[in-house]
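Here is what each chain is made of, one letter per residue.
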Amino acid sequence: MPVRRYRRESNEISCCLKYFIFSFNVVFWMTGLVVLAIGIWAWTEKDMFSNISKLTFIALDPAFVLIVIGTITFIIGFTGSVGALRENTCMLYMYAIFLLLIVCGEMILGGILFVLKDKGWIKDQATEGLRAFIIHYREDPDQQNLIDWIQEDWLQCCGIEGPKDWDSNNYFNCSSVTIGSREACGVPFSCCKRRPHEIIKNKQCGYDVRKEGSQTDRYIYERGCLRAGEDWLDNNMFSVTFFFLLLTITKLLAICFAQNLRVDILAQKNKYH
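Residues numbered from 1 in each chain as written. Predicted model: local features only at pLDDT ≥ 70, side-chain atom pairs only at ≥ 80, totals over all residues. Heavy atoms only, no water.

Turning to helix α4 (residues 121–135), a few remarks are in order. Its 15 residues give α4 an end-to-end C-alpha distance of 21 Å, which sits within 8% of 21 Å, the value for a rise of 1.5 Å per residue. Taken together, the buried positions of α4 are occupied by Thr127, Gly129, Leu130, Ala132, Phe133 and Ile134. Residues of α4 that are buried make contact with α5 (141–154) and α7 (225–235). (Helix = DSSP H or I, 4+ residues; strand = E, 2+ residues; numbered from the N terminus. Expected span 1.5 Å × (residues − 1). Buried < 20%, exposed > 50% of the residue type's maximum accessible area, 1.4 Å probe, protein only. Contact = heavy atoms within 4.5 Å.)

Put into structure tokens, the structure is as follows:
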């Protein structure tokens, strides 16, 4: 009696590609969720949801930046992972569109910055941002922590052009000595140079360092953060360019993978009709 042979139906969908996209985007999904939760928690701690009108420079608020980044990352990771797992062509299409919009936005922004880099616009915006940080140093703990990190850990600098820029803050202005401010004619501790073998940072090291007769160069950084940032960018231009180029290539590959999976899903569906 002859044995009947059944031809096995081929599957157009690549399991490796499907689960690679799924696992890759689950990481971004969860990362975006964590970043979003941290941003919302920071705003809740500062009671910003009920005092939103008091926020002056919303784009420079670290918590707001975390909320925006977390939301975008969450949406992209969600559409990519769920779209791949459920073989949903609509969500994969949305995922590819979101990534394409980000890549196009980055390219447009990069082109604008390249055109304006020699016209002083970038320098003016950086100056205004740092000035806002200095003015509101004691009012927003997130901005305070950010500028302390910039001055102490990242650029080893003080102020915008130098330590005198801290006169813009009411607490550090030299005239504040008349109202009893102990920080008058001083700078934040993040401006102070680290001493050899120093384990615990002296939080009062910036007191009175800008008073007449003080040898500021011995205790605090004299270089402004604007100049320090320019020097850092010049010294690390290759690394920064390579990093952003790698991110762009990764996004373009993700778009290609999502489109390939989408085509495979459509081809598999056509077999059923």
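Read on, since the account is not over.
What follows deals with the layout of surface pockets. The calculated volume of the second largest pocket comes to roughly 490 Å³. Considering the residues around the second largest pocket, the lining is formed by 17 residues, among which Phe28, Thr73, Ile76, Leu99 and Lys251 are closest to the centre. Those elements giving two or more residues to the lining of the second largest pocket turn out to be α1 (15–45), α2 (62–85), α3 (89–116) and α8 (237–270). Counting residues per element, the lining of the second largest pocket draws most heavily on α1, at five residues. Considering only residue class, the lining of the second largest pocket consists of eleven nonpolar, four polar and two charged. (1 Å grid on protein atoms, 1.4 Å probe; cavity = no way out; pocket = protein on both sides within 12 Å on 5 of 7 lines; lining within 4 Å. Points joined across faces, edges and corners; volume = space filled by probe spheres on them. Nonpolar A, V, L, I, M, F, W, Y, C, P; charged D, E, K, R; others polar.)

Turning to the pattern of salt bridges, a few remarks are in order. The full count for this structure, using the stated rule, is eleven salt bridges. One salt-bridge network, in which partners are shared between bridges, spans Arg223, Arg227, Glu230 and Asp231. (Salt bridge = Lys/Arg side-chain N within 4 Å of Asp/Glu carboxyl O.)

Moving on to the nonpolar core. Trp166 and Val187 are the most contacted members of the largest nonpolar core, which has 23 residues in total. Secondary structure elements with two or more residues in this core: α4, α5 and α7. (Core = buried A, V, L, I, M, F, W, Y, C linked by side-chain atoms within 4.5 Å.)

Everything listed here is a matter of geometry and, on its own, says nothing about what the molecule does.
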